[in-house]
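Residue strings, one per chain:
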Amino acid sequence: MAAINETHDPALRSWVESANDPATDFPIQNLPFGVFSRAGGEPRVGVAIGDQILDVTACLEANLLESDAAFAAAEACRSTTLNALMAADRLSVSGLRLELSRLLRDEESGGPGARATAAVLVPMAEARMHVPADIGDYTDFYASIDHATNIGKMFRPDNPLLPNYRHVPIGYHGRASSIVASGASVRRPLGQTKPADAETPVFGPTKLLDYEAEVGFFVAGGNRRGEPIPIARAEDHIFGFCLVNDWSARDIQAWEYQPLGPFLAKNFATTVSPWVVTAEALAPFRVPARARGADEPAPLPYLFSPGNEEEGGLALTLDVLLLTERMRAESAEPFRVSRGSLADMYWTPAQMLAHHASNGCNLRPGDLLASGTVSGSSEDSRGCLMERTSRGANPVALPNGEERRFLQDGDEVVMRGCCRRIGFVTIGFGECRGIVEPAVERSH
Ligand code: MN
């Protein structure tokens, strides 16, 4: 587990003024990595600071980095993806974070001030963000017991939670090719569904399009095939975290999910927030794993470690907001539909990762693992519409009088996340957003 150090000091301020705004997601204590490009330019690795991006390669070329450790990680940033940085030695990545923190501090915080460094900043407003890694494999878990119970009730009223749930972190292999960065639109998928009153299935646009609010984490160093990752070492294999929208077509899902699980109901698009908040930046926000009740089984030994029990959880608050086409026309603000916390999950990221590799499956730097829908026990903490509206029975009322059971064309889903703790500076994840476009026109 990453330690708290001088980079987390709440007294630090940056000479990048926007980074000192209490409302920013990207204060100097955060320093997430991402991949950006400017008009006509190649993608480059950058670090978010306020409303600016620090170009890491430009720092290297301007001789702004001193330590060998920082230098090695910065060399790994000479790339159009974060994969090499994710694969780099953790001490080196940590060394780079420390040097970038020192470079960005204002003079009162012991930093150099703007001097040479201002030349290596790019305004976020002039940059386009990309999917941060070349994601070889994507796996989606199902780590919220509240979500699993609520969804299970709709499919199996008498038997909502399957007997394996409290023993095994359930997941499925998702698809990497359709992962897109925040801002990309998502076309309503076509698919096969079987209406309840129909004898035979039909093919056409999904009528029950949904989002799932999730937290993703990227694999740092991988493991060799055949060599599991012990739970006590699992945190060392997590580079950092982002927000994930696992777009889901519930009618397609209901018809296809048995016996092998989700397939075309989910693989048409997955949106990620472009900034990867490092595990080190999140050190102050670790919390105990969710407590097991007296009637619940202890995790099997390969999923149990004292360190994971003490601080395997993460106090990350995840909001979902909706902005309909009409709301946009009325210049309304996005409306918050739910607020959940990753701390409520039944399984921790380390348990998910250790479980994934427990059979010898090799994980690779840049692989994306996602938590599954982040839901808590209260109605307004439910992280998808299927759950939030009880499959459409209780629609969400929007401030302008519209209501939503499922997503309509033109709806924009906006996810935001942040970590707060008294005595530390709040850090955010930026946005994970996407607009639903109408289904493709079909010629019969
Ligand atoms: Mn999911």
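Residues numbered from 1 in each chain as written. Predicted model: local features only at pLDDT ≥ 70, side-chain atom pairs only at ≥ 80, totals over all residues. Heavy atoms only, no water.

A.B. asks: Give me the overall build of the protein chain: which residues, what numbers.
C.D. replies: Across its full length, the protein chain holds 10 helices and 26 strands. Here the protein chain holds 444 residues, and the buried ones make up 55% of them. Long-range contacts, defined here as pairs at least 24 residues apart, represent 73% of the contacts in the protein chain between residues at least 6 apart. Summing over all exposed atoms, the protein chain offers an accessible surface of approximately 18800 Å²; the carbon and sulfur share of this is 51%. (Helix = DSSP H or I, 4+ residues; strand = E, 2+ residues; numbered from the N terminus. Buried < 20%, exposed > 50% of the residue type's maximum accessible area, 1.4 Å probe, protein only. Contact = heavy atoms within 4.5 Å. Areas by Shrake-Rupley, 256 points an atom, 1.4 Å probe, with all protein chains shown as cover.)

A.B. asks: For the pairing of strand 6 (residues 138-141), give the residues involved together with the corresponding values.
C.D. replies: Burial of strand 6 is two-sided: the residues Tyr-138 and Asp-140 facing one way and the residues Thr-139 and Phe-141 facing the other way are all buried. In this structure, strand 6 lies alongside strand 22 (residues 368-370), joined through 3 bridges in parallel fashion. Considered in strand 22, the bridge of Thr-139 is made with Leu-369. By the bridge criterion, 3 bridges tie strand 6 to strand 7 (residues 171-173) in an arrangement that is antiparallel. In the strand pairing of strand 7, Asp-140 is matched with Tyr-172. (Pairing = 2+ DSSP bridges.)

A.B. asks: Please set out the sheet that holds strand 25 (residues 412-419) residue by residue, giving values where relevant.
C.D. replies: Pairing is mixed across the open sheet formed by 5 strands, whose spatial order is 9-26-25-20-21. Looking at strand neighbours, the two that pair on one side only are strand 9 (186-187) and strand 21 (335-341), the edges of this open sheet. Pairing of strand 25 with strand 26 (residues 427-437) involves 7 bridges; the strand directions are antiparallel. The residue of strand 26 that forms the bridge with Val-414 is Arg-433.

A.B. asks: Describe the packing of helix 2 (residues 68-76) against helix 4 (residues 90-104), and please don't skip the residues or the numbers.
C.D. replies: Viewed as axis vectors pointing N to C, helix 2 and helix 4 meet at an angle of 100°, and their least axial separation amounts to 7 Å. With respect to helix 4, the element helix 2 is oriented roughly perpendicular. On helix 4, the residues touching Ala-69, Ala-70, Ala-72, Ala-73 and Ala-74 of helix 2 are Leu-91, Ser-92, Val-93, Gly-95, Leu-96 and Glu-99. Taken together, the residues of the contact of helix 2 with helix 4 break down into 8 nonpolar, 2 polar and 1 charged. (Axes fitted to C-alpha atoms, helices over the stretch in contact; angles between N-to-C directions. Parallel < 35°, antiparallel > 145°, perpendicular 65-115°, else oblique. Nonpolar A, V, L, I, M, F, W, Y, C, P; charged D, E, K, R; others polar.)

A.B. asks: Describe empty space enclosed by the protein, and please don't skip the residues or the numbers.
C.D. replies: The final tally for this structure, using the stated rule, is 3 cavities of 30 Å³ or more. Its volume calculated, the largest cavity comes out at about 70 Å³. Lining the largest cavity we find 13 residues, and of these Gly-313, Leu-342, Met-345, Trp-347 and Thr-348 sit closest to its centre. Every element with two or more residues in the lining of the largest cavity is listed here: strand 19 (313-314) and helix 9 (349-357). Per-class residue counts for the lining of the largest cavity are 9 nonpolar, 3 polar and 1 charged. Each pocket or cavity is described by its volume, and for the second largest cavity that value is around 50 Å³. Surrounding the second largest cavity, Ala-289, Arg-290, Arg-292, Pro-299, Glu-309, Tyr-346, Trp-347, Thr-348 and Gln-351 form its lining. Tallied by class, residues from the lining of the second largest cavity come to 4 nonpolar, 2 polar and 3 charged. (1 Å grid on protein atoms, 1.4 Å probe; cavity = no way out; pocket = protein on both sides within 12 Å on 5 of 7 lines; lining within 4 Å. Points joined across faces, edges and corners; volume = space filled by probe spheres on them.)

A.B. asks: Which residues make up the nonpolar core, and what are the values?
C.D. replies: Ranked by internal contacts, the top residues of the largest apolar core, which has 57 residues, are Leu-282, Leu-353 and Leu-407. Contributions of two or more residues to this core are made by helix 5 (145-155), strand 13 (213-219), strand 14 (238-245), strand 20 (316-323), helix 9, strand 25 and strand 26. For Leu-407, the contacting residues outside a window of four places in its chain are Arg-188, Leu-209, Asp-210, Tyr-211, Trp-247, Leu-322, Leu-385, Val-413 and Val-436. By size, the runner-up hydrophobic cluster in this structure holds 48 residues, among which are Trp-15, Ala-76, Leu-103 and Phe-218. (Core = buried A, V, L, I, M, F, W, Y, C linked by side-chain atoms within 4.5 Å.)

A.B. asks: Report on the sheet that holds strand 2 (residues 44-49), specifying residues and quantitative values.
C.D. replies: With respect to topology, 5 strands assemble into an open sheet ordered 4-3-2-1-5, the strand pairing being antiparallel. The outermost strands of the open sheet, each flanked by one partner alone, are strand 4 (121-123) and strand 5 (127-129). Between one strand axis and the next, the sheet turns through 50° on average, direction left out of account. Across 3 bridges, the pairing between strand 3 (residues 52-55) and strand 4 is antiparallel.

A.B. asks: Describe the environment of Asp-140, listing the residues and the values that go with them.
C.D. replies: Positionally, Asp-140 belongs in strand 6. Since its relative accessible area comes to 1%, Asp-140 is described here as buried. As for Asp-140 and Asp-55, which are separated by 85 residues in sequence, their C-alpha atoms are 31 Å apart. A polar contact of 3.4 Å, which involves the side chain of Asp-140, links it to the backbone nitrogen of Gly-372. (Polar contact = N/O pair within 3.5 Å; in protein donor to acceptor, adjacent residues only side chain to side chain.)

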